Amino acid sequence: MVVGDIATGTEVLVIGGGPGGYVAAIRAAQEGLDTTLVEKAAYGGACLNRGCIPSKALITGSGLAHEAGNAEFMGVHADPAVDMGKMVEWKDGVVDRLTSGVEKLCKANGVNLVPGTASFVDEHTARVAHGGEGQGSESIEFEHAIVATGSRPVQIPGFDFAEDHVWTSADALDADTVPDRLGIVGGGYIGMELATTYAKLGADVTVVEMLDDILQPYEDDVKRIVRKRAEELGVEFHFGEGASEWSEAADGGYLLHTETEEGEESTYGVDKILVAVGRQPVTDGLDPERAGIETDDRGFVETDDRTRTAVEHIHAVGDVAGDPMLAHAASKEGIVAAEVIAGEPAALDQQAIPAAVFTDPEIGTVGMTEAEANEAGFSPVVGQMPLRANGRALTLNEREGFVRVVADADTEFLLGAQIVGPEASELVAELALGIELGARLEDVAGTIHTHPTLSEAVHEAAVAARGEAIHTR
């Protein structure tokens with residue numbers, strides 16, 4: 001203990017108040033455990049304050065403006081003017097309401113909230129430095145700890161986030177004006193969500209990606225639909241190029257310089273540069289080695305299926321523990337960590353964790369692809385429903401996309417699903433539930449789905465996999 005520290009104790013110390021940490025803290029308190037949550041910034045973490053929620057708010061706003069201004073074919077004539085400052089103000093209001101809600105939920109469940117930055121002293125003690133002059137620090141002794149410190153954007157050489165024209169995703173979500181020209185480094189989910197958002201707001205968007213396509217984890221037919229829609233919005237793609245540096249341009253803007261593996265160089269005129277090449281774990285200042293916590297070569301904390309680190313009474317959840325770096329996965333991991341600490345037989349089941357990308361159109365996936373099912377030793381059967389044959393999709397003016405289900409041919413157990421289209425993030429929940437419950441194709445096929453809805457495409461994909469398609473051939 002440092003001289004002058006206040007010394008306190010707790011059964012469960014949770015470090016980080018994001019979707020993994022605050023959920024873990026609430027669940028631990030519900031289990032009757034004395035729980036302390038340390039958060040250095042804002043409750044809700046990166047997801048609520050700088051990622052998931054604010055990005056979806058801007059996606060909604062930009063989509064509304066774009067649809068209103070491009071609906072002449074429906075007989076709707078409008079020329080919407082976007083007040084970016086007002087849109088960001090509305091977005092901030094949504095975020096503030098949710099962050100205050102998280103704080104109230106924690107207090108209502110009896111969680112002790114401690115503002116500050118925590119670092120390990122040893123495997124049973126952490127020191128919390130409180131922000132602000134004269135605020136001091138305290139040492140907290142714990143029986144169990146849950147590390148939930150999250151992640152932050154990866155910075156690449158030559159692109160310092162301290163420069164006003166070099167953006168992180170958080171900067172892009174806080175901008176009160178739309179740049180005329182936006183260069184985006186990285187074609188992953190963050191880059192693509194913001195590419196379509198800013199294109200709809202009127203920016204000329206250029207995406208440079210070192211790989212040969214966008215959204216690398218997804219299948220080609222999924223990526224193709226999203227890329228085509230982005231190109232229709234005016235997004236320009238340059239694949240096989242990595243950002244090398246930037247320089248000032250004569251017109252008052254900037255030049256984004258890129259280089260291929262063969263050494264070929266290109267330049268693109270931009271006003272802002274968004275770097276979206278991935279995220280890295282936040283462990284600096286935490287001193288995990290003092291507690292005996294092991295990290296891999298990328299800095300992620302290694303855990304087992306019960307969220308335990310190499311030190312059995314210390315757990316790690318969320319982005320700091322690596323893939324899948326998803327807010328809802330973090331929350332589930334937080335619940336598992338709390339229940340394991342409470343002595344319950346909890347463990348993670350990675351099979352049924354859905355993922356979504358909020359591009360235009362959206363992507364929703366869960367479980368295995370057909371190729372993955374083959375590799376796992378199954379004999380997969382696939383059913384697919386194109387949205388161009390779905391009445392509700394057509395009334396939404398959505399002709400591109402599909403719902404695909406993958407099942408085991410012998411047993412008909414659901415193995416996975418891939419959806420690209422409007423509300424894919426919502427539609428995938430039905431199939432995630434099906435996999436979690438061990439449902440078969442006949443269970444989905446035998447469930448009456450409301451007409452006319454997008455969910456009928458899920459039903460049709462299931463019956464198609466059984467060779468009983470009605471609305472497709």
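So, here's what we can say about the structure. Treat the numbers as computed from the prediction; the structure is a model and nothing was measured. (Residues numbered from 1 in each chain as written. Predicted model: local features only at pLDDT ≥ 70, side-chain atom pairs only at ≥ 80, totals over all residues. Heavy atoms only, no water.)

1. Side note on empty space enclosed by the protein
In total, this model carries two cavities of 30 Å³ or more according to the counting rule given. Contributing to the lining of the largest cavity are Pro153, Ser169, Ile190, Val275, Ala276, Val277, Gly278 and Arg279. Grouping the constituent residues of the lining of the largest cavity by class yields five nonpolar, two polar and one charged. A volume near 40 Å³ is recorded for the second largest cavity. Residue lining of the second largest cavity: Ile225, Lys228, Arg229, Glu232, Pro361 and Glu400, and that is the complete set. The class makeup of the residues in the lining of the second largest cavity is two nonpolar, no polar and four charged. (1 Å grid on protein atoms, 1.4 Å probe; cavity = no way out; pocket = protein on both sides within 12 Å on 5 of 7 lines; lining within 4 Å. Points joined across faces, edges and corners; volume = space filled by probe spheres on them. Nonpolar A, V, L, I, M, F, W, Y, C, P; charged D, E, K, R; others polar.)

2. Some points on helix H7 (residues 220-232)
Taking 1.5 Å of rise per residue, the 13 residues of H7 would be expected to cover 18 Å, and the 18 Å separating its terminal C-alpha atoms lies within 8% of that figure. Buried within H7 we find Asp221, Val222, Lys223, Ile225, Val226, Arg227, Arg229 and Ala230. The inward-facing, buried residues of H7 abut helix H6 (189-200), strand E11 (236-239), strand E19 (362-367), strand E21 (402-408) and strand E22 (414-421). Glycine 234 occupies a position one or two residues after H7 and carries a positive phi of about 100°. (Helix = DSSP H or I, 4+ residues; strand = E, 2+ residues; numbered from the N terminus. Expected span 1.5 Å × (residues − 1). Buried < 20%, exposed > 50% of the residue type's maximum accessible area, 1.4 Å probe, protein only. Contact = heavy atoms within 4.5 Å.)

3. Topic: unusual backbone geometry
Cis geometry is adopted by the peptide bond preceding proline 361, which originates at aspartate 360 and carries an omega value of -5°. Tracing the backbone through its elements, the reader meets proline 361 in the loop between strand E18 (355-357) and E19. Here the amide bond leading from histidine 451 into proline 452 is cis, since omega sits at -5°, within 30 degrees of zero. Note that proline 452 resides in the loop between helix H12 (441-445) and helix H13 (456-465). Phi at threonine 307 is positive, roughly 70°, even though this residue is not glycine. Counting through the fold element by element, threonine 307 comes out in the loop between strand E16 (279-281) and strand E17 (314-316).

4. What to know about the layout of surface pockets
The calculated volume of the second largest pocket comes to roughly 1,100 Å³. For the lining of the second largest pocket, the secondary structure elements donating two or more residues are helix H3 (52-69), H6, H7 and helix H11 (424-437). Ranked by the residues each element gives to the lining of the second largest pocket, the list is headed by H3, at eight residues. In the lining of the second largest pocket, the residues fall into ten nonpolar, ten polar and twelve charged.

5. Details of the side chain of threonine 168
One can find threonine 168 in the loop between strand E8 (166-167) and helix H5 (169-174). With relative accessibility at 11%, the residue threonine 168 sits in the buried group. Not counting chain neighbours up to four residues away, the residues in contact with threonine 168 comprise Pro153, Phe161, Leu274 and Val275.

6. Brief notes about the sheet that holds E18
Sheet architecture is open: five strands sit in the order E18-E19-E22-E21-E20, paired in antiparallel fashion. The sheet is open, and its two edges are formed by E18 and strand E20 (380-386), each paired on a single side. Each strand axis lies, on average, 10° off the axis of its neighbour in the sheet, ignoring direction. Looking at chain direction, E19 and E22 are connected through six bridges and run antiparallel. Bridge pairing in E22 links glutamate 362 to glycine 421. (Pairing = 2+ DSSP bridges. Axes fitted to C-alpha atoms, helices over the stretch in contact; angles between N-to-C directions.)

7. Focus: the packing of H3 against helix H4 (residues 84-108)
With their axes 9 Å apart at the nearest point, H3 and H4 run at an angle of 140° to one another. As judged from the angle between their axes, H3 and H4 are oblique. Of the two possible hands of crossing, H3 and H4 adopt the one that is right-handed. Across the interface between the two elements, Ile53, Pro54, Ala57, Leu58, Gly61 and Ser62 of H3 pack against Met84, Met87, Trp90, Lys91, Val94, Val95 and Leu98 of H4. The class makeup of the residues in the contact of H3 with H4 is ten nonpolar, two polar and one charged. (Parallel < 35°, antiparallel > 145°, perpendicular 65-115°, else oblique. Left-handed = near helix turned anticlockwise from the far one by under 90°.)

8. Things to note about the packing of aromatic side chains
Inspection of every chain in the model, using the stated rule, returns four aromatic pairs. Aromatic pair tryptophan 167 and tyrosine 198: ring centres 5.8 Å apart, planes at 50°, arrangement tilted. Here tryptophan 167 is found in strand E8, whereas its partner tyrosine 198 is found in helix H6, with 31 residues between them in sequence. Comparing tryptophan 167 with tyrosine 198, the two get one shared label, buried. Pairing tryptophan 246 with tyrosine 254 gives two aromatic rings, centres 5.7 Å apart and planes at 80°, and the pair type is edge-to-face. Positioned over the ring face of phenylalanine 413 is arginine 440, at 4.2 Å from the centre of the ring. (Phe/Tyr/Trp six-rings, centres within 6.5 Å; stacked < 30°, edge-to-face > 60°. Lys NZ or Arg CZ within 6 Å of the ring centre and 35° of its normal.)

9. Concerning a negative patch on the surface
Side chains of Asp160, Glu163, Asp164 and Glu248 sit close together on the surface and give a patch of like negative charge. Relative to the elements of secondary structure, aspartate 160 occurs in the loop between strand E7 (151-153) and E8. The class for aspartate 160 is partly exposed, based on a relative accessible area of 36%. (Patch = residues over 30% accessible without salt bridge, like charges linked within 9 Å, V, L, I, M, F, W, Y side chains within 5 Å. Areas by Shrake-Rupley, 256 points an atom, 1.4 Å probe, with all protein chains shown as cover. Salt bridge = Lys/Arg side-chain N within 4 Å of Asp/Glu carboxyl O. Lys, Arg positive; Asp, Glu negative; His and termini not counted. Charge placed at Lys NZ, Arg CZ, Asp CG, Glu CD.)

10. Brief notes about the sheet that holds strand E14 (residues 265-270)
If you trace the three strands from one edge of the open sheet to the other, you get E12-E13-E14, paired in antiparallel fashion. The open sheet is flanked by strand E12 (242-248) and E14, the only strands paired with a single partner. Going from strand to strand, the sheet's axes swing by 25° on average, the running direction of each strand aside. Relative to strand E13 (residues 254-259), E12 runs antiparallel, the two sharing six bridges.

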